Amino acid sequence: MDFDYSPKVKTLRRRLKNFMGDHITPRIQQHHNEIKAGIFPVSFMEDLKELAKSEGLWNLFLPHLKEDEVGTRLSNLDYAPLAEIMGRVQWSPEVFNCNAPDTGNMEILHMFGTEAQKKHWLTPLLDGKIRSAFAMTEPDVSSSDATNIQTVMRRDKNDYVINGRKWFISNAAHPNCKIMIVMGKTDPNNENIHRQQSMILVPMDTAGVTVERNITIMNHHSPEGHCEITFKDVRVPITNILGGEGDGFMMAQTRLGPGRIHHCMRSIGQSELALDLMVERAQERKAFGKYLHQHGAVSEWIAHSRMEIDQARLLVLKTADMIDKVGAKGARKEISMIKAIIPKMQTTIADRAMQTFGAMGISPDTPLADIWTWGRALRYADGPDEVHLRSIARMEIKKAQEKQGFTLPYLTLPLRS
Ligand SMILES: Cc1cc2nc3c(=O)[nH]c(=O)nc-3n(C[C@H](O)[C@H](O)[C@H](O)COP(=O)(O)OP(=O)(O)OC[C@H]3O[C@@H](n4cnc5c(N)ncnc54)[C@H](O)[C@@H]3O)c2cc1C
């Protein structure tokens, strides 16, 4: 196994790091101030996007682009370390058109959209002109299990009529959010529970779509939104369906493989930032006659954080490599493992860093509280930890059952001293 990054990735990493240092880090405070003053989108976002585009640091996430589409055609393994750099600051992936949920939506449109759907929605998304949302989760049912969703998509001549309620729909409050991919049931009586669902493109301004509220996350207001939305007799033409009727579940699975690599690498980027801050603080502050890092507890926090991040990164890179080689289905277990490990790691490391900072750690004067909050939220988004643990355990049990009896003789061997 070669642990070195390819020359192309090394170059992109250097260029991204420079871009982050020159254009993103100096604007963190301004971003904070503008959001606090109610300015959204922030005043410099479009200029930074143009700059990233002109420097070729644009749409890095999409591997299978055509000749006339802007992007770099990187594999998942190549892209992963770049997502880590872009994800270090929470708002910066948008500068490079690499933010969730747009990335997943673009992938779906790219893979399953018709030419007309691509022209209408994918092209402006790839250009960064509009933004999008993905609406699956519902307040009335356990949405960890996508077969539960209840939103009804009824065919009426040349239209679908949609009724339902969704919540925690990210991006839906963004003023440039123009399109939503909505998951619902076109065939609720299908005996195959994985063929009942479809995905339909619903423009945000369609009659009957109402953004009821933007839900705060741990009392933290995100201007782009995690919204509750109602659909009342929403009518869209049948040409708005993605793929075919009944393909919704399959497309949702496809979307989630690379998406989890992206989430996890951004999460690693933020964990690295938390560790950097912890290390800095521990070297400049003294308590009881010693620098903080000279106290055993703090030095262990630093060491554990370093080990955990490096372990996590290796596992994500391995997973990305597997997706490239055997597809997301073949890498199911690894995808679940990274999703169950890394958001939790992010909260653990952010928590240690907050503790190292004393009371300041939970104030808005460091990004640590935001890093913790986002890590915590990620323990639900794209499937809660427990669902992933269940999948991993099931695969382990299945593997053991397949080789049933193989290990048994060892258990019956007499123990010798
Ligand atoms: C910040 C944020 C952004 C989000 N963005 C989006 C978005 O853009 N679009 C969207 O559609 N959704 C979004 N979500 C919603 C997210 O995908 C769901 O919250 C998640 O799928 C869980 O569904 P649920 O909330 O209905 O929890 P439930 O399904 O009700 O589950 C509740 C709890 O039950 C436990 N549980 C569930 N299944 C099992 C099991 N098999 N074994 C053991 N325990 C289990 C888990 O602890 C779980 O947390 C977002 C959520 C957050 C927090």
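The written sequence of each chain sets the order in which its residues are numbered from 1. In keeping with the predicted nature of the model, local features appear solely for residues at pLDDT of at least 70, side-chain atom pairs appear and are counted solely at 80 or more, and the whole-chain, interface and lining totals rest on all residues. Side-chain calculation: all heavy atoms of the structure are included, whereas hydrogens and water are not.

Peer 1: Is there a simple way to explain the site of the ligand in this structure?
Peer 2: In the vicinity of the ligand lie 22 residues, with Phe-134, Thr-137, Ser-142, Ser-144 and Phe-168 positioned nearest. Counting of polar contacts relies on pairs of N or O atoms within 3.5 Å, with two restrictions inside protein: one atom must be capable of donating a hydrogen and the other of accepting it, and residues adjacent in sequence are counted only when both atoms are side-chain atoms. In the environment of the ligand, an oxygen atom lies 2.9 Å from a nitrogen or oxygen atom belonging to the backbone of Ser-143. Calculation on the ligand without its partners gives an accessible area of 980 Å², and the protein chains cover 71% of this total. All amino acids are sorted into three groups, where Ala, Val, Leu, Ile, Met, Phe, Trp, Tyr, Cys and Pro are nonpolar, Asp, Glu, Lys and Arg are charged, and the leftover types, Gly among them, are polar. The residue inventory of the shell around the ligand, partitioned by class, reads 13 nonpolar, 6 polar and 3 charged. Looking at which domains feed residues into the shell around the ligand, each of domain 2 (131-242) and domain 3 (249-400) gives three or more. Working definition: residue near molecule or strand if any one of its non-hydrogen atoms lies within 4 Å of it. Accessible areas in this description were obtained via Shrake-Rupley with a 1.4 Å probe; residue shielding takes into account the shown protein chains only. Where each domain begins and ends is defined by an automated method or by a domain database.

Peer 1: Explain the domain arrangement of the protein chain here, please?
Peer 2: Much of the literature gives interface size as the accessible area that the parts lose upon coming together. By the assigned domains, the protein chain splits into domain 1 (7-126), domain 2 (131-242) and domain 3 (249-400). The C-alpha-based centres of domain 2 and domain 3 are spaced at 29 Å. Contacts between residues were defined by any pair of non-hydrogen atoms, one from each residue, lying within 4.5 Å. Residue-level contacts link 13 residues of domain 2 with 11 residues of domain 3. At the surface where domain 2 touches domain 3, the tally comes to 1 residue pair in polar contact (both at pLDDT 80 or more).

Peer 1: Is there a simple way to explain the pattern of salt bridges in this structure?
Peer 2: Where charged atoms of side chains with opposite charge meet at close range, the side chains can pair. For this analysis, a salt bridge means a side-chain nitrogen from Lys or Arg found within 4 Å of a carboxyl oxygen belonging to Asp or Glu. All chains considered together, the criterion is met by 25 salt bridges. Note that Glu-84 is salt-bridged to Arg-313, the shortest N-O span being 2.9 Å. With Glu-84 in helix H4 (residues 76-86) and Arg-313 in helix H8 (residues 296-330), this residue pair connects regions lying 229 residues apart in the sequence. Residue exposure (1.4 Å probe, protein chains only): buried if accessible area is under 20% of the type maximum, exposed if over 50%, otherwise partly exposed. Look at Glu-84 and you get buried, because its relative accessible area is 10%. Using a relative accessible area of 14% as the deciding quantity, one classes Arg-313 as buried. Among the salt bridges present, the one from Arg-165 reaches Glu-228, with a minimum N-O distance of 2.7 Å. Of this pair, Arg-165 sits in strand S3 (residues 159-170) while Glu-228 sits in strand S7 (residues 226-237), and the two are 63 residues apart along the sequence. Each helix is a run of H or I in the DSSP string that is no shorter than four residues. Each strand is a run of E no shorter than two, and both are numbered from the N terminus.

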